[in-house]
Amino acid sequence: MYSETLIDHFQNPRNVGVIADPDGYAKIDSPVCGDLMEIYIKVEDDEIADVKYRTFGCAAAIASSSMATEMILGQPLEVAEELTDAKVAEALGGLPEAKVHCSVLAASALHAAIQDYYAKHPQSAKAEA
Amino acid sequence: MYSETLIDHFQNPRNVGVIADPDGYAKIDSPVCGDLMEIYIKVEDDEIADVKYRTFGCAAAIASSSMATEMILGQPLEVAEELTDAKVAEALGGLPEAKVHCSVLAASALHAAIQDYYAKHPQSAKAEA
Amino acid sequence: MSNKSRFIYLDHAATTAVDPRVVEAMLPYFEHSYGNPSSVYRFAGQAQEALNTSRRTVADILGCTPKEIVFTGCGTESDNLAIRGVAWASRERGNHIITTPIEHHAVETTCHQLAEHWGYRLTVVPVDRHGMVDPDDIAQAITDETVLISVMYANNEVGTIEPLAEIGEIARKRGVHLHTDAVQAGGSLDINVDRLNVDLLSLSGHKFYAPKGVGVLYVREGTPLLPIQTGGGQEGRRRAGTENIPYIVGLARALELANDDRESEAQRLAALRDRLIAGVLGAIPDAFLTGHPTQRLPNSASFCFQGIDGEATLLQLDLAGIAASSGSACASGEAEPSHVLTAMGIEPRLALSSLRLTLGRENTAQDVDDVLGVLPDIVRKLRALSPLYPMPVSEA
Amino acid sequence: MSNKSRFIYLDHAATTAVDPRVVEAMLPYFEHSYGNPSSVYRFAGQAQEALNTSRRTVADILGCTPKEIVFTGCGTESDNLAIRGVAWASRERGNHIITTPIEHHAVETTCHQLAEHWGYRLTVVPVDRHGMVDPDDIAQAITDETVLISVMYANNEVGTIEPLAEIGEIARKRGVHLHTDAVQAGGSLDINVDRLNVDLLSLSGHKFYAPKGVGVLYVREGTPLLPIQTGGGQEGRRRAGTENIPYIVGLARALELANDDRESEAQRLAALRDRLIAGVLGAIPDAFLTGHPTQRLPNSASFCFQGIDGEATLLQLDLAGIAASSGSACASGEAEPSHVLTAMGIEPRLALSSLRLTLGRENTAQDVDDVLGVLPDIVRKLRALSPLYPMPVSEA
Ligand SMILES: Cc1ncc(COP(=O)(O)O)c(C=O)c1O
Ligand SMILES: Cc1ncc(COP(=O)(O)O)c(C=O)c1O
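Keep in mind the model is a prediction, meaning the values are calculated, not measured.

Participant: Tell me about the site of ligand 2, and please be specific about residues and values.
Facilitator: Lining the immediate surroundings of ligand 2 are 15 residues, of which Thr242 of chain C together with Thr76, Asp181, Ser204 and Lys207 of chain D lie closest. Lying at an intersection of chains, ligand 2 is approached by residues of chains C and D. A distance of 2.6 Å is found between an oxygen atom of ligand 2 and a side-chain nitrogen or oxygen belonging to serine 204 of chain D. Of all the elements, helix 4 (residues 75–89) of chain D adds the most residues to the shell around ligand 2, at 3 residues. When grouped by side-chain class, the residues that make up the shell around ligand 2 number 3 nonpolar, 9 polar and 3 charged.

Below you can see the structure in the form of structure tokens.
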């Protein structure tokens, strides 16, 4: 059912936790299954300098969160913004059909956190543009 | 399903045939299953001196016919008249529930042949009584 | 009871022995890979995998997609699901069903229950004396209210093969769904659903060396179907109940085995069948072949013998070590003449004399010859007992 | 994937392995005594005899007559036949059905289909926080139109045992038929139909070490029942389809084996269960037992753990070699909180954290201790990930 990569991210999730004073924050509910993700980002020089999250949900939701944060940590904001649920799912070695919505949760939460950063930091590159 | 006695009467039916000039005759249809029995009797001194039959029907019908004729051959008419389907079935070692009507056919046909004899021989004991 | 030398099974239309290779394929799923395929842990993956593979195997042989296969609990359930399922799902569209008078009870009774209890209207088109349906009659019977046509592929009592592809073409043109009970055809005829032009097709494992208690319903994508067994979401929400993995694996394996040498085995059986038919008709006077002379199942020979009762013939054969049937197994216990034979215009008492001999994988020419060695005598003996058959001149 | 030392199966409520003695009892009926029990020749007598003996065995254990036993294709079919069969047969009398909110989908969906498609009226009586039905609520719900009450014997998700005998007394007084889904109780609780006061009772083989794909419906004499699977005259005209002799033999053998040491095995399992419950509640904070504290199946322990998702727990257990469930197997794939838990008043997100551990014949105290060895850590780890659980003070 699940790939080895996914299992690895589930058993050893990366970037778990909270950031006390984040530059961007989001909390997203999955409308499909009650999964919940909370994500915190620190931005330095328009790059994701740090990212932490906590997720309530199934293995796919947890692994998607872990993978998504790993994929954008250290990346420029504009690269991070291009992350999609499909890319997360692909990086995890695919998701069972019933679990595709879990990767959507992770990507949505990340985008929401970046939006939150822009909203709070109107001087940032994107907000300026 | 069938007793050994029944199988024996089915494989070696007694008294099969016709009597060219019978004292009593009957042809009976089973209303239940289309079985058909034709029976001929010869009566001498108020006894069944000879009996023959032909039966269209299943193994139980054939064996019942054989057993019934065997049971009354050489018997006084009044004994023959007391033959019942239950006695035939019992003599055959029992019949499956779905086949009980087959023993009814044999007993009915015999009684009808005896009635036919009385009808044709009004001087006979019973007819006089 | 006489104990004749050997046992000859000639009732493959009633049921078949499970093939040892099928038993072998099933065994791991009883004690070892016994997981519930709906469970999420990896152990259940063995059962899920077996289910998926079996579905693909069956789909490949039917020429459809795996999603169009519903595994059921038997051929009867497949027929019930097809008929009741489509009828119920189409109530808004219409309430008319077309069928034939020679269907198996699983179709016949289900149609009649719909008529009696639920107000559906039934048209039963006639068959000719060979048990053949005329596609034109189907075309005539279709109305705007017609939601389903159910015509069996091959008849279980007389072996006649119906002109399904033609009927299917008519049905498609008129936008009516066509179901076929292919239970007797499974394993021996071509069951490609596109060549047959059908929307629903029933199979039963125990007619092709899988166990009794497992069936298939093919449901063409887009066919309306209300589930008749409701509960969990198994089988794409079309048939609830924990899946019977061993039997599903067994059915797929058996269908695969049958398919592997389907044509050569059909040829072999047809040759045996023709030898049997010729032998019977040659040696027994006033014997008639029932069903179609050529358009018939390769393994099926069926007869009527003037003047005798079929059950008596069966018992004589049984005592000689030969297992045969008077027609449909599930009708036995009933003493009525077969609805199939009477629909073909056979007079009721002649219908009562029917004998069906259906060949199978293990039968040989020797088996046929052995039957031919005893059957004429059996018929002669029973006729001598019968008031419905003229006495031989010598005895008269 | 980690490859932990051994495999511990703790999902016996989902399904069980077939007992080797059951497999042995079934095997002769695949390749050897394979006759169709409806056939008339002597060879089929072996199958008939097996069918009769199995029916007697089951009837003896249920305390009824053999004629009151209907063999079906699974527990789901038994439930469907009971509900749809009685409802349809009673249409003239009334159209009201009473049930509970904690029934298995096989009952729940069938009742809802009757309501949605056929105009039946449904009353769903409440359960308390332990999942227990109050017989008074049933009494209140009965009207002149009520034709059937369906209350499960023991719940599959939380193990609660319902007060059937009391409900049955009420039903009898009011002349309403009572059905019980005893699928989870079969093999472990007393299933005497007179002591339970029921008119219909469903069993499924695969919950007591017989295969998946065979069930029983007990139908008290005189209970109106329209067959839902129509065709041949099998099972006293209540369930058409060629009988699955191997599985019927297997079911009877399995029920017999379970019955032989039912009470001692129930005691053994209850002790293991209690050790498990005490261990979990002792070692894990914010853990709750679901279902009734004492009136519960001897083999069933079910919990909610604040702040985590049940499926994540399951996969962690799976990776540790332990097969468990979050509730009903057939609901998996659905991400909705269990209808059983929410009916008991458990808040939806807490309901999503549910874990069900169901013990069986092969489980030992060591298995329980092994689970207790890993579960607290699993919960702790998942909670550290969860935005719904407070961070430990040290990390905060
Ligand atoms: C033509 C036909 N349809 C349906 C069935 C019913 O199949 P099953 O016995 O698996 O219910 C049979 C055989 O019994 C059959 O011959
Ligand atoms: C309480 C209950 N009823 C009915 C069923 C359905 O039984 P089956 O899987 O045999 O269809 C199950 C289990 O699946 C169950 O636990």
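Participant: Describe in detail the environment of alanine 112 of chain B, supporting the description with residues and values.
Facilitator: All names here are of chain B. Of note, alanine 112 is situated in helix 5 (residues 100–120). Spatially, the C-alpha atom of alanine 112 lies 17 Å from that of phenylalanine 56, the residues being 56 residues apart in sequence. In this view, alanine 112 contacts Tyr25, Ala26 and Ile28; residues no more than four positions away in its chain are not counted.

Participant: Could you give an account of the pattern of salt bridges, with specific residues and numbers?
Facilitator: Applying the stated criterion across every chain yields a total of 48 salt bridges over all chains. Arginine 42 of chain C is the salt-bridge partner of aspartate 318 of chain D, the closest N and O atoms lying 3.4 Å from each other. In this pair, aspartate 318 of chain D is assigned in helix 12 (residues 310–319) and arginine 42 of chain C in the loop between helix 2 (28–31) and helix 3 (45–62), connecting two distinct chains. Take aspartate 318 of chain D: its relative accessible area is 4%, and that puts it in the buried class. Connected through salt bridges with shared partners, the residues Arg172, Asp194, Asp199 and Arg220 of chain C form a single ionic network.

Participant: An account of the pairing of strand 7 (residues 200–204) of chain C is needed here, citing residue identities and associated values.
Facilitator: All names here are of chain C. Taken across its 5 residues, strand 7 has 5 buried, putting it largely inside the fold. Here strand 7 shows no split at all, with Leu200, Ser202 and Ser204 on one side and Leu201 and Leu203 on the other all buried. Two strands pair when backbone bridges link them, and strand 6 (residues 177–181) and strand 7 are joined in this way by 3 bridges, in the parallel orientation. Among the inter-strand pairings, aspartate 181 is bridged to a residue of strand 7, identified as serine 202. As defined by bridge partners, strand 7 adjoins strand 8 (residues 215–219) across 5 bridges and the pair is classed as antiparallel.

The rules behind these values
- Residues numbered from 1 in each chain as written.
- Chains lettered and ligands numbered in written order.
- Predicted model: local features only at pLDDT ≥ 70, side-chain atom pairs only at ≥ 80, totals over all residues.
- Heavy atoms only, no water.
- Near = heavy atom within 4 Å.
- Polar contact = N/O pair within 3.5 Å; in protein donor to acceptor, adjacent residues only side chain to side chain.
- Helix = DSSP H or I, 4+ residues; strand = E, 2+ residues; numbered from the N terminus.
- Nonpolar A, V, L, I, M, F, W, Y, C, P; charged D, E, K, R; others polar.
- Contact = heavy atoms within 4.5 Å.
- Salt bridge = Lys/Arg side-chain N within 4 Å of Asp/Glu carboxyl O.
- Buried < 20%, exposed > 50% of the residue type's maximum accessible area, 1.4 Å probe, protein only.
- Pairing = 2+ DSSP bridges.

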